[in-house]
Amino acid sequence: MWVCGALCRARAPAQLGQRLLPESRRRRPAAASFSASAEPSQVRALVYGHHGDPAKVVELKNLELAAVGGSDVHVKMLAAPINPSDINMIQGNYGLLPQLPAVGGNEGVGQVVAVGSSVTGVKPGDWVIPANPGLGTWRTEAVFGEEELITVPSDIPLQSAATLGVNPCTAYRMLVDFEQLQPGDSIIQNASNSGVGQAVIQIAAALGLRTINVLRDRPDLQKLTDRLKNLGANHVVTEEELRKPEMKSFFKDMPQPRLALNCVGGKSSTELLRHLAPGGTMVTYGGMAKQPVIASVSQLIFKDLKLRGFWLSQWKKDHSPDQFKELILLLCDLIRRGQLTAPACSEVPLQDYPCALEASTQPFVSSKQILTM
């Protein structure tokens, strides 16, 4: 087990994940012309050669930077978060696994240093994020293909840019794709303090929707409740309160939710279903409890409840790159208007990655760990 000092605990923030480039690509000649030197340089990266406990398999290594080809973009990473999906990918139990050895991280933001001679969509100085998972963003620099990147405005906060491509996108799509909600309607969610949960609260508020946010009981419950309400949460309840009979009177003053967002499973998801309006939908996008979702026969027959799943990677496969870019720009507009902020973050220098990985797997940690380069 790692021993983390006070410096590690006090700082933290961002993430990106990408595959290691094959030897043939690392050593190919540079393009005839590009906007910066392509001399080989050393890159620091968090690499894992086999699946397992991140504390045991992730190592900080020096890698050779690939030459910049005609359609390539040299990016200096600025910040990259550690998401649960990154941990699952390292453990080998995720729906998408990169070829090993791999650089960790699927999300983050970088700044363009140089571009190949045929690149037209980005220029040096631009901020970019990954278009798809598996790029390996936990590194100081990288060379990506132009099609693997999306330009984002550099006038939004760094932490917002670093955490833009996964959680807010997931939150928005779940809010608009499964039920035709109108202003004044309500939704209910568990894991409300997660990155997705915080984005759901803010985007729902921007859409005029009311949120019922469920949390596990914890020592700092009141502090966390206040923070979520400051984000726009209408109601915050604990798992225990949700199970009490008194919750029936709760819905006398507001409509029963037609949409439930489940990131936990087990008993927590059962309670969400119990409070859904007839004909409502529960969307599952995570399974933190590692327990199955159980729905009673009566809920399916007499309440006609619908059980759905959501995975952003699959949504991207089913939609065009331009549609994903439109989604990113929509979210950037919310950020500019002050309607969407980054989740609570702790910034951690790349070399202190053991502390960040350890904090990412601890219970009741509401701060997202972001690696800074």
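Reading the values: rules and limits
Residues numbered from 1 in each chain as written. Predicted model: local features only at pLDDT ≥ 70, side-chain atom pairs only at ≥ 80, totals over all residues. Heavy atoms only, no water. Pairing = 2+ DSSP bridges. Helix = DSSP H or I, 4+ residues; strand = E, 2+ residues; numbered from the N terminus. Axes fitted to C-alpha atoms, helices over the stretch in contact; angles between N-to-C directions. Contact = heavy atoms within 4.5 Å. Parallel < 35°, antiparallel > 145°, perpendicular 65-115°, else oblique. Nonpolar A, V, L, I, M, F, W, Y, C, P; charged D, E, K, R; others polar. Polar contact = N/O pair within 3.5 Å; in protein donor to acceptor, adjacent residues only side chain to side chain. Phe/Tyr/Trp six-rings, centres within 6.5 Å; stacked < 30°, edge-to-face > 60°. Buried < 20%, exposed > 50% of the residue type's maximum accessible area, 1.4 Å probe, protein only. Lys NZ or Arg CZ within 6 Å of the ring centre and 35° of its normal. pLDDT = per-residue confidence, 0-100. Expected span 1.5 Å × (residues − 1). Arc of directions from axis to C-beta. Core = buried A, V, L, I, M, F, W, Y, C linked by side-chain atoms within 4.5 Å.

(A) Broad picture of the sheet that holds strand β13 (residues 259-262). Taken in spatial order, the six strands make up an open sheet running β12-β11-β10-β13-β14-β15, and their pairing is parallel. Since the sheet does not close on itself, it has two edges, and those belong to β12 (235-238) and β15 (306-309), each with one partner. Ignoring which end each strand starts from, the neighbouring axes of this sheet average 20 degrees apart. Across four bridges, the pairing between strand β11 (residues 210-215) and β12 is parallel. Residue pairing across strands places L215 opposite T238, the latter belonging to β12. The strands that helix α7 (residues 195-206) touches are β10 (186-189), β11 and β13; relative to β10, the one it contacts most, it runs at about 175 degrees.

(B) Structural view of the packing of α7 against helix α8 (residues 221-231). Packing of α7 against α8 leaves a shortest axis separation of 8 Å and a crossing angle of 40 degrees. Looking at the two axes, α7 sits oblique to α8. Residue-level inspection shows Q198, I201 and Q202 of α7 in contact with α8, the latter providing R227, L228 and L231. Residue classes in the contact of α7 with α8 are distributed as three nonpolar, two polar and one charged.

(C) Spatial organisation of the side chain of H275. Mapped onto the fold, H275 is located in helix α11 (residues 266-275). For H275, the side chain forms a polar contact with the main-chain oxygen of L242, separated by 3.0 Å.

(D) Molecular detail of the packing of aromatic side chains. In total, this model carries three aromatic pairs according to the counting rule given. Ring geometry for Y94 against W311: centres 5.8 Å apart, planes inclined by 85 degrees, an arrangement best described as edge-to-face. On the criterion of sequence distance, the pair formed by Y94 in the loop between α4 (84-91) and β5 (102-103) and W311 in the loop between β15 and α13 (312-318) is long-range, its members being 217 residues apart. For W311, a relative accessible area of 28% puts it in the partly exposed group. Consider the rings of F250 and F251, whose centres lie 5.2 Å apart with planes at 85 degrees: the pair is edge-to-face. Comparing F250 with F251, the two get one shared label, buried. Across the ring face of F324, the terminal group of K316 is positioned such that the distance to the ring centre comes to 4.2 Å.

(E) Quick look at the confidence of the model for the protein. Of all residues in the protein, 89% have pLDDT values of 70 or greater, and the mean over the chain is 89. When the criterion is pLDDT under 50, residues 1-38 qualifies, and its contacts beyond four places in sequence or with other chains add up to 145 contacts.

(F) Focus on helix α14 (residues 321-336). Across its 16 residues, α14 extends 23 Å between first and last C-alpha, which sits within 8% of the 22 Å expected from 1.5 Å per residue. Those residues of α14 that sit buried are F324, L327, I328, L331, C332, L334 and I335. The buried residues of α14 all sit within an arc of 155 degrees when viewed along its axis, so they share a single face. With respect to the buried face of α14, the exposed residues turned more than 90 degrees away are E326 and L329. Against the buried residues of α14 lie β7 (127-130), β9 (149-152), α5 (158-162), α6 (167-177), α7 and α13.

(G) Representation of the nonpolar core within the structure. With 46 residues, the main nonpolar core has L175, I203, L261, I328 and L331 as its most contacted residues. The biggest single contributor to this core is α14, with seven residues. Listed in part, the 17 residues of the second largest apolar core include L46, W138, L350 and L371.

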